[in-house]
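Next come the chains, spelled out residue by residue.
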Amino acid sequence: MYIYTDNLSKVSDGLSIGEFYPPDQIIITNEEKFIEYEWKNLSNYQKRTYSYGMKTVKSVIFHELSHVYFYQNIINLKNEGKNVSSEYGLIRIFANYELKFGSTFIEEGFCEYIVHCANECYPLTDIEIPKTINEITNINNEEYILYHYSVYFLKDFLQTYGLKQGIRILLQNKPPSYEEILHPELYFKRIKNNFKTLLNF
């Protein structure tokens, strides 16, 4: 892997601070958008006032490296002859936005969960669980839903099955619908129906 710095102000929506470019490049913005290099360098005051939108350099590097791990697992499963849900992968064609959002929700949640385990992100406290589909699809809530609520959504599952086993199960199931994002028990009940098959590696 190669990690570079560059100005990402013209990438995507102009808000990007890190990007993974397959197969082996990660670019971290050189703009002044980071609160610190790593969490342990923050003062007690900074930790008390830290929000999920604030990022350390280390947290973004971990997050982008996690995307690499995510795609490596897709390749490994396919090489083993295992099914990977078509919504996941480097080349994806979506019939509707709901499937796209669900797969992005799982991928970003998985990557941010690793950052959470490394204690480099905002703690999972005061979680506001969305109550309506409009709250999920509201562009003003996108960062919170994709990078914070998603971690809460996946946390218990990944703690139970671990990263290696958990990601394989996630990738072999259709991503959650809006309704399943609102009600995680519906999504995990659905994928548990496939556990006996999917765990037979």
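Bear in mind that the values here come from a model prediction, so they are computed numbers and not experimental data.

Some points on the packing of helix H2 (residues 57-79) against helix H5 (residues 142-171)
Then step 1. Between H2 and H5, whose axes approach to 13 Å, the crossing angle comes to 40 degrees. Judged by the inter-axis angle, H2 sits oblique to H5. Judged by the twist between their axes, the crossing of H2 over H5 is left-handed. Note on element contacts: H5 touches H2 through Tyr147, Leu163, Lys164, Ile167, Arg168 and Leu171, opposite His63, Tyr69, Phe70, Asn73, Ile74 and Leu77.

Comments concerning the nonpolar core
Then step 1. Membership of the largest hydrophobic core comes to 39 residues, with the highest contact counts inside it found for Phe101, Phe105, Ile106, Phe153, Leu154, Leu170 and Leu171.
Then step 2. Put simply, the parts of the chain that give this core at least two residues each are strand S3 (25-29), H2, helix H3 (97-117), H5, helix H6 (178-182) and helix H7 (184-192).
Then step 3. Ranked by residue count, the leading element in this core is H5, at 13 residues.

Quick word on the side chain of Glu38
Then step 1. The residue Glu38 is located in the loop between S3 and helix H1 (44-48) in this model.
Then step 2. Look at Glu38 and you get buried, because its relative accessible area is 11%.
Then step 3. A polar side-chain atom of Glu38 sits 2.9 Å from a polar atom in the side chain of Lys58.
Then step 4. Not counting the four nearest positions on each side in its chain, Glu38 is found in contact with Thr56, Lys58 and Glu120.

Regarding the packing of aromatic side chains
Then step 1. One pass over the full model with this rule turns up 17 aromatic pairs.
Then step 2. Geometrically, the ring pair formed by Tyr2 and Tyr4 is stacked, given 6.4 Å between the ring centres and 15 degrees between the ring planes.
Then step 3. Owing to a relative accessible area of 47%, Tyr2 belongs among the partly exposed residues under this scheme.
Then step 4. Classification of Tyr4 by relative accessible area gives partly exposed; the value is 39%.
Then step 5. When the centroid spacing of 6.0 Å and the interplanar angle of 45 degrees are considered together, the rings of Phe105 and Tyr149 count as tilted. You can see Phe105 sitting in helix H3 and its partner Tyr149 sitting in helix H5, a full 44 residues away along the chain.

Parameters at a glance
Residues numbered from 1 in each chain as written. Predicted model: local features only at pLDDT ≥ 70, side-chain atom pairs only at ≥ 80, totals over all residues. Heavy atoms only, no water. Axes fitted to C-alpha atoms, helices over the stretch in contact; angles between N-to-C directions. Helix = DSSP H or I, 4+ residues; strand = E, 2+ residues; numbered from the N terminus. Parallel < 35°, antiparallel > 145°, perpendicular 65-115°, else oblique. Left-handed = near helix turned anticlockwise from the far one by under 90°. Contact = heavy atoms within 4.5 Å. Core = buried A, V, L, I, M, F, W, Y, C linked by side-chain atoms within 4.5 Å. Buried < 20%, exposed > 50% of the residue type's maximum accessible area, 1.4 Å probe, protein only. Polar contact = N/O pair within 3.5 Å; in protein donor to acceptor, adjacent residues only side chain to side chain. Phe/Tyr/Trp six-rings, centres within 6.5 Å; stacked < 30°, edge-to-face > 60°.

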